[in-house]
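The lines below spell out each chain.
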Amino acid sequence: MKLLKSAVLLLGLAGIGAVQAAPTAVIETTIGTMKFDLHQQAAPKTTARFIELAKSGWYNGKSFYRVVKGHVAQAGINDDNHPDHQKYRVPAEFSDKLPHIRGSLGMARDEDPNSGSTEFFICLERRAHLDGKYTNFGQLSDGDKVLDAFAALPVEEKWIDNPGAKPIAFHSPKQPVLIKQIRIEP
């Protein structure tokens, strides 16, 4: 009986080590590399879509086309009419427990809360007005100096008309910043 209890205890302890850690995304850009812990439990569909696109190489070569100082750096496709915008849509997964702080990884969308697809953003500062309105699916865990470099990028200021609402800032980096690749670990 003592031997059986020992075997059960050992098997139980071995199972504890088998618990998988949440995945991380390593975003390698032309200005440096950042690592994000993904919020797989809080935003499972968004995280799964991001992982799928990253593993397929979809983001490779895409640009951070929008960098608004004190707000966000945004990458993906800047075209709501692009076929991938509809193809890869995910429902909103808002969480009151995940505020949009510096280094938060969020899913961009248009006026429809369920229109997130391929575009993501990284908060350059705390953005409380995004809380509960945009899916937060990751947090910067390494690469703070690269985030500082994004925040300091010289940009060309452009304002896009937004009928029925205030214009949208689409400040583009003067020198393109490209995604070399996004690796998913573990």
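No experiment lies behind these values; they were computed from the predicted model shown.

Undergrad: Honestly, the nonpolar core in this entry has me stumped. Any pointers?
TA: When a protein is soluble and globular, its nonpolar side chains tend to lie buried together. Among the nonpolar cores identified, the biggest contains 33 residues, and Phe50, Phe64, Phe120, Phe150 and Ile182 are the most heavily contacted of them. Examining the composition of this core, we find that four residues originate from one element, helix α2 (residues 44-56), more than from any other. If we ignore the near neighbours within four places in the chain, the residues touching Phe64 are Thr29, Ala73, Gln74, Ala75, Phe120, Ile122, Phe150, Pro173, Val177 and Ile179. With five residues, the next largest nonpolar core counts Ala108, Phe121, Cys123 and Leu130 among its residues.

Undergrad: Where do I start with empty space enclosed by the protein in this structure?
TA: A probe as big as a water molecule, rolled over the atoms, marks out the empty space that is left. On inspection of all chains with the given rule, the structure shows one cavity of 30 Å³ or more. Considered as a void within the structure, the largest cavity measures approximately 60 Å³ in volume. Together, 13 residues line the largest cavity, and Ala92, Met107, Pro113, Gly116 and Thr135 are the ones closest to its centre. Split into classes, the residues belonging to the lining of the largest cavity amount to eight nonpolar, three polar and two charged.

Undergrad: What am I meant to see in the side chain of Gln139 here?
TA: Assignment of secondary structure puts Gln139 in strand β7 (residues 136-142). A distance of 3.5 Å separates the side chain of Gln139 from the backbone oxygen of Gly103, its partner in a polar contact. The residues touching Gln139, leaving out its near neighbours within four places in the chain, are Lys35, Phe36, Asp37, His39, Ile101, Arg102, Gly103 and Ser104.

Undergrad: I keep staring at the layout of surface pockets and nothing clicks. Help me out?
TA: Taken as a whole, the largest pocket spans an internal volume of roughly 990 Å³. Lining of the largest pocket is provided by 31 residues; of these, Arg66, Arg109, Glu111, Tyr134 and Ile168 occupy positions nearest its centre. Residue classes in the lining of the largest pocket are distributed as 14 nonpolar, six polar and 11 charged.

What counts and how
Residues numbered from 1 in each chain as written. Predicted model: local features only at pLDDT ≥ 70, side-chain atom pairs only at ≥ 80, totals over all residues. Heavy atoms only, no water. Core = buried A, V, L, I, M, F, W, Y, C linked by side-chain atoms within 4.5 Å. Buried < 20%, exposed > 50% of the residue type's maximum accessible area, 1.4 Å probe, protein only. Helix = DSSP H or I, 4+ residues; strand = E, 2+ residues; numbered from the N terminus. Contact = heavy atoms within 4.5 Å. 1 Å grid on protein atoms, 1.4 Å probe; cavity = no way out; pocket = protein on both sides within 12 Å on 5 of 7 lines; lining within 4 Å. Points joined across faces, edges and corners; volume = space filled by probe spheres on them. Nonpolar A, V, L, I, M, F, W, Y, C, P; charged D, E, K, R; others polar. Polar contact = N/O pair within 3.5 Å; in protein donor to acceptor, adjacent residues only side chain to side chain.

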